[in-house]
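# Structural overview for review
Spelled out from the first residue to the last, the chains are:
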Amino acid sequence: MIALYDIRYVRMGTPDLDHAVNFATRVLGLELAARDTQAAYLRSDDRDHTLVYLDAPVHDHTVGFEVKNPAELDKAAGELEAAGFPVHAGTPSECEQRRVRAFVSFREPSGATIDLIAQPWHSGRPCFPSRPAGITGFSHVGLYTTSPSRDQAFWTGMCGAKVSDWIGDAPLLRIDEVHHKIALFPSTRHGVQHINHQVTGVDDIMRSYYFLREQGVPIRFGPGRHPTSYATFLYFEGPDGMTYEYSTGVRLIPEDSDYRPRQFPFRPSSFCMWGSKPDIPEFKT
Ligand SMILES: [Fe+2]
């Protein structure tokens, strides 16, 4: 079983790197850590970077997960190959681009690229974002799934994730105490469905709500509160149609707890306990 230690980064292609960087810094509230002609590295916390925009095809999405050490990475690569998932071992220049000691990549069953990473770079500098959005760190992704039951079996069976709750067929999966770090939403597509950053509190959610509206950024859902994770949330649209989320107050499920996952029906009240209605295709009932 592969032990995922934490979610680490998202890498996404864009046809307009300048526009994406402008959004990420001036609207979303990340720090531009490094930039060249091919890529922009953005920080949200004390790690080297947690989001990369690349001069690459727009639906080219990669999610990086950290494993504990290089030995665990080798073990994971062997297990994936044995289970029929071809693995690419990162070359020295690819490791340099990702700012990691070592990584392997493969495609999860729906088709998104997953990097497993050992010893990613940390930063000695404090994160200094260009907008005070209150971000405390990159925290989770929604992934499209073309088969929720198959992909739930992959993430729980191969990668040790645990189901925290279901909304309809969509499992919310945890890899540590945080209620979910991965959520799988049925679709005909594959790749990243939304990108979550945690913020300090509800004041940040509401400040951003008014700020984003002033900036003309489409609000897609919220402000609201998830009855599953209890997190207060705000979803909005970023470059190339990507959905971004701020949230705060996510429930923690201790390792030794006797928590049992709950089945929520696929209806608006399962996504928001305050009555907000989503304008996000995968959340619409
Ligand atoms: Fe989310």
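Structure's up top.
This section reports on the structure supplied with the text. Keep in mind the model is a prediction, meaning the values are calculated, not measured. Each residue is numbered by its place in its chain's sequence as written, counting from 1. This being a predicted model, a pLDDT of at least 70 is required before a residue's local features are given, and a value of 80 or more before pairs of side-chain atoms are given or counted; all residues contribute to the totals for chains, interfaces and linings. To get the side-chain values, take all heavy atoms of the structure and skip hydrogens and water.

### Looking at the packing of aromatic side chains
- Aromatic contacts are taken between Phe, Tyr and Trp rings whose centres are within 6.5 Å, Trp giving its six-membered ring; a plane angle under 30 degrees counts as stacked, one over 60 as edge-to-face, and the others as tilted. Counted under the stated rule, the structure contains 18 aromatic pairs.
- Geometrically, the ring pair formed by Phe65 and Trp155 is tilted, given 5.6 Å between the ring centres and 55° between the ring planes. Note that Phe65 is positioned in strand β5 (residues 61–66) and Trp155 in helix α4 (residues 148–158), a separation of 90 residues in sequence. Both residues of the pair, Phe65 and Trp155, belong to the buried class.
- Taken together, the ring pairs in this structure connect Phe185, Phe221, Phe233, Tyr235, Phe266, Phe271 and Phe283 into an aromatic cluster.
- Distance and angle both matter: a charge sits over a ring if NZ of Lys or CZ of Arg is within 6 Å of the ring centre and within 35 degrees of the ring normal. Here Arg99 stacks its cationic end above the ring of Tyr41, 4.5 Å away from the centre of that ring. Each helix corresponds to a stretch of at least 4 residues labelled H or I by DSSP, and each strand to a stretch of at least 2 residues labelled E; elements are numbered beginning at the N terminus. Accessible area is worked out with a 1.4 Å probe on protein chains only. A residue is then buried under 20% of its type maximum, exposed over 50%, and partly exposed in between.

### Observations concerning the coordination of the iron ion
- In this listing, donors mean N, O and S atoms no farther than 2.8 Å from the metal, or 3.2 Å for Na, K and Ca; water is missing from the atoms, so a site can look incomplete. Coordination of the iron ion by the protein involves His140 (NE2), His194 (NE2) and Glu245 (OE), with metal-donor separations of 2.0 to 2.2 Å.
- Here the donor residues of the iron ion share one chain and are spaced in sequence as H-x53-H-x50-E. Residue His140 is found in strand β9 (residues 135–145), and its partner His194 is found in strand β13 (residues 191–199); the two are separated by 54 residues along the sequence.

### Brief notes about the pattern of salt bridges
- In what follows, salt bridge is the name for a side-chain nitrogen of Lys or Arg lying within 4 Å of a carboxyl oxygen of Asp or Glu. Taken as a whole and assessed by the stated rule, the structure comprises 19 salt bridges.
- Across the pair Lys181 and Asp6 runs a salt bridge whose closest N-O atoms are separated by 2.8 Å. Separated by 175 residues along the polypeptide, Lys181 in the loop between β11 (170–174) and β12 (182–186) and Asp6 in strand β1 (residues 6–14) bring together distant segments of the chain.
- On the basis of relative accessible area, Lys181 is assigned to the buried category, the value being 5%.
- Between Glu72 and Lys75 there is a salt bridge, with the nearest N and O atoms lying 3.8 Å from each other. A residue pair is termed a helical-turn pair when its members lie 3 or 4 positions apart in one helix, as Glu72 and Lys75 do in helix α2 (residues 70–82) at 3 residues.
- Judged by its relative accessible area of 25%, Glu72 falls in the partly exposed class.

### A closer look at the sheet that holds strand β4 (residues 51–55)
- A pair of strands counts as paired when DSSP detects no fewer than two bridges linking them. Strands sit in the order β2-β3-β4-β1-β5-β8-β7-β6 across an open sheet of 8 strands; the sheet is mixed. Of all strands in the sheet, those bounded by a partner on one side alone are β2 (31–35) and β6 (88–89).
- Examined bridge by bridge, strand β7 (residues 100–107) and strand β8 (residues 113–120) share 7 bridges and lie antiparallel to one another. Bridged to Phe103 within β8 is Ile117.
- Pairs of residues are marked as contacts when any of their non-hydrogen atoms sit within 4.5 Å. To get an axis, fit a line to the C-alpha atoms, keeping to the stretch in contact for a helix; angles then go from 0 to 180 degrees between the N-to-C directions. Across the face of the sheet, α2 comes into contact with β7 and β8 while running at roughly 160° to β8.

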